Amino acid sequence: MMNVAYFPGCSLHTVSSEYDKSTHLVCESLEVGLKEVEDWNCCGATAGHSMDHELTMGLNARNLAQASLMNIDPLVIPCPGCFNRLKNTNIRLKTFSSVVREEERSMKNPPQELPRVMNLLQFLIEVIGLERIAEPVKIPLKGLKLAAYYGCLTTRPRKVAEFDDPEQPVSMDRILNVLGAETVLWSHKAECCGGPFITSELSIALDLSRQVLETARHSGAEAIVVACPMCQLSLDSRQVVVGHDQVLQPRLPIIYFTQLIALAYGFPIRRTGLKSLFINPLTLLAKKGLA
Amino acid sequence: MKQAGKKAMIIGGGPAGMEAALRIGQAGFESVLIEKEAALGGTILKLCSSFPRWESPLELVEEKIKQLKHCSYVKVMTETTVIESRTRHDGYSILLKLNNGDTTELDINAVVLATGFEMMDVSIYGEYGYGIYPDVMNSLEFETLLKAWGDGMGKTPQGVAFFKCVGSRDRSKGYPYCSKICCMYTAKQAGLVKDMFPNAKVYVFYMDYRASGKGYEEFVREVIEKKHVRYVRGRPAKVLPDGGRLLVRAEDTLIGIPIEVTVDVVVLASAAVPRQETAPLAAMFGTKTGEYGFLEQKRFSLARASNRVFFAGGCGFPVEAPFAQQQGASAAVEVIELFSQ
Amino acid sequence: MEDNIYTPLNLNDIDDSIQEEIRTKCGIDVDLCLECGKCSGGCPNGHIFDYTPRKIVRLVKLGDKETLMTMDALWICLSCQLCLDRCPSGIDIPAILDYMREKACRGGVEASRPRVKLFHELLLSSIRERGRVSELDVVLKYNWKTGEYMKNARLGVKMLLKGKLNLSRSRVKETEEVRRLFEATIAKDLP
């Protein structure tokens, strides 16, 4: 049994709650206690780093200070955007005492060090390990042909993420393989989905999402597996728009990798949040005898 | 007239090593040329043609082998490797492994390292897919394909793209240095493709082209102007699979727009690095190698790395065959000088 | 006739200050740039940028502050990090753009993509208000301010029905702490 500090970020409590739910299920099976960071604030999202560097540092320094008060290591972050900003700040902070509240200075056990900052995928691969991840599998995901999609920030830039290979990442593929699924070789596994612009410049987002969806389709994938709330939202909720004038049928379900782990671990469908996805994955899963 | 008690060992039978062994022998000192492969010649055995005169490298090797045979002070030992060395007051005691598995001892008074260079492993460039897409290969592997095409084998290509500076001039994932010979051999390779397949579209993606040598600039201009190889200035960003072929994405920096092109083969002019055996061999003789594993000469010397250790050719820095030969001769001169004291 | 006067850029007139600023404030040395174009070749938006990533670095070398702050590329960079990750000299182009964008905003320079800027500002407003982003609030305000009242309405309803919009609109407890972070920054003047 190990405890980790957990930073869900804004999306996981709202539009991407199924990522949060399934992460909790997976960690339950792996005997990892997720201790949510007390009173965490938004990491600044795209707006923060785009508009105000110091503000973003400040917001994340506060988060890191809050996390370090828990004296638990590492800090695990499911959203790659939050991970990028928190890790960046972690790297740049030389001392954190300047952002710790006055009261905390008088604490009996004042936080000594900033925790290691890891994204969820990284934590599962590097700390838990593939062997351990394979243990609770009750329902192997046989027959599923999946495209593992890493997006931008799980592995880039390499100096910040320090995880996997940014051009040909394999970590998610390996997890899906130990669950019994087949993963395809495809060209866009780490290309941008256009997520940052789904509201303000939709045409850009659509163009990039289409490329991801098409190349996944051409590689024979039946579904795309993601590790990022923005990628999921972009590829899933906009697929009906993208696919409108293209021949993209049948639709490709966009599933969080944690949902598939939870499924393989034998959790009932209603708990995995698979039903809340826009493109329904249940038809595909039923066809493979998995649902 | 044979000079007693002076024997040199040359490790590596490429152009540099062959030349060094020959010149030492011609001066009347015993030279033993050790080569791990079955035949002499080194890397140039694999090459189709050469720059800047489109000559056959095999002819050079044959000529050298003839000259070596002619010189009674030269002993050639192929399929032989150096296992260990013990330092003595006047040289080294070497233990060699022969082609039949036996070992033999040899006492020498000087060693010339001529182990050459090899291609860097460019699978680290995941964006190019080396090791993932079978039609992405390095320049040395491409020479084999050129030979196959020359013999009428293999599929006729409709498009070939050459990427220069893969691993060279790269402070981020590769080596900061320039590998010197790639601009020239790439021009050669591109020209050969056009000669064999005039209808094929051949592209060379470059940052610069470095053609500083006698006849070099004219050679590259001939490839561009007469053979119509298309040079595009821009380091490619990515190779994507495209219906069985390969799609290259880059920027044409001279006009400043992103471009893409579909080809059948992508050739990566990879950084030239010292062969793996270089550092351990140097260490055997108490010699250090430099930051990137190349041998370094002592100040004011031509080819001396340390007291009785000399080097020539690609193990010092990437170099083309004629200059590897010259370096071999320089090393020989300094060995002869040592032996004449 | 005045249009035909030959006025090329005189290299002696180049203003070094922006290159220096980026060196000292961002720790980025654009002299390392080999101008190879690998960044531009892989940029997902390179084909719609008015200045490709390589050209952006060139603009820094040429001291062209104005173009750097008014160009369209400034607002449609995805910050996907592909350029930085592939650059043989490790030049952090996304960081250069972040720096120039912030400088442009502080200097009151008009954004070429006002909707992008608006969306960023609304996100930051939400964070200043409650410490976290309330997607519902942001999107509703965005629709209101852009006059596209019914934009994504169907999507919104679907999301509501799937329980994806947290109506309780969570907030941090120590909102004051978060607000203080906004004081010294540009975001204090947010709508």
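Note: the structure precedes this text.
What counts, and at which threshold
Numbers given to residues run from 1 along each chain, matching the order in which its sequence is written. Each chain takes a letter, starting from A, and each ligand takes a number, starting from 1, following the order in which they are written. This being a predicted model, a pLDDT of at least 70 is required before a residue's local features are given, and a value of 80 or more before pairs of side-chain atoms are given or counted; all residues contribute to the totals for chains, interfaces and linings. For helices the rule is a DSSP run of H or I covering at least 4 residues; for strands it is a run of E covering at least 2, with both sets numbered from the N terminus onward. Burial is judged by counting the other C-beta atoms within 10 Å of a residue's own C-beta: 20 or more makes it buried, 12 or fewer makes it exposed, and any count in between marks it as partly exposed, with every C-beta position built from the backbone. Contact criterion: two residues are in contact if their C-beta atoms, reconstructed from the backbone, are within 7 Å. For helices, the fitted axis covers only the stretch in contact; all axes are lines through C-alpha atoms, and the angles between them, taken along N-to-C directions, range from 0 to 180 degrees. Crossings are classed by handedness, with left-handed meaning an anticlockwise turn of the near helix from the far one by less than a right angle and right-handed meaning a clockwise turn. Three classes are used, and their members are as follows: Ala, Val, Leu, Ile, Met, Phe, Trp, Tyr, Cys and Pro are nonpolar, Asp, Glu, Lys and Arg are charged, and the others, Gly among them, are polar. At least two DSSP bridges between two strands are required for those strands to pair.

### Topic: the overall build of chain B
What chain B contains, in helices and strands, is seven helices and 19 strands. Along the three orthogonal principal directions, the C-alpha set of chain B runs to about 65 × 40 × 40 Å. In chain B, which comprises 341 residues, the share counted as buried stands at 50%. Taking as baseline every contact in chain B between residues at least 6 positions apart, the subset at least 24 positions apart corresponds to 65%.

### Notes on the packing of helix 1 (residues 15–26) of chain B against helix 7 (residues 321–339) of chain B
All names here are of chain B. Between helix 1 and helix 7, the shortest axis-to-axis distance is 7 Å and the interhelical angle comes to 35 degrees. Considering only the axes of helix 1 and helix 7, their crossing is right-handed. Residues Pro15, Ala16, Gly17, Met18, Glu19, Ala20, Arg23 and Ile24 of helix 1 form the contact with helix 7, whose participating residues are Ala321, Ala324, Gln325, Gln327, Gly328, Ala329, Ala331, Ala332, Val335 and Ile336.

### Topic: the interface of chain C and chain A
Contacts between the two partners involve 47 residues from chain C, matched on the other side by 36 residues from chain A. Secondary structure elements with two or more residues in the side of chain C that touches chain A: helix 6 (82–86), helix 7 (93–106), helix 8 (114–130), helix 9 (135–146), helix 10 (153–161) and helix 11 (175–183) of chain C. Ranked by residues supplied to the side of chain C that touches chain A, first place goes to helix 8 of chain C with seven residues. Along the lines of polarity and charge, the residues of the side of chain C that touches chain A split into 25 nonpolar, nine polar and 13 charged.

### Looking at the pairing of strand 14 (residues 245–252) of chain B
Residues and elements named next belong to chain B. Of the strand pairs in this sheet, strand 13 (residues 238–242) and strand 14 are connected by five bridges, and their pairing is antiparallel. Bridging from a neighbouring strand, Val239 pairs with Val248 of strand 14. Counted along the chain from strand 13 to the antiparallel partner strand 14, the turn is two residues long, and its residue Gly243 has a positive phi close to 55 degrees. As paired elements, strand 14 and strand 15 (residues 257–263) share seven bridges and run antiparallel to each other. Within strand 15, the residue paired with Val248 across the bridge is Val261.

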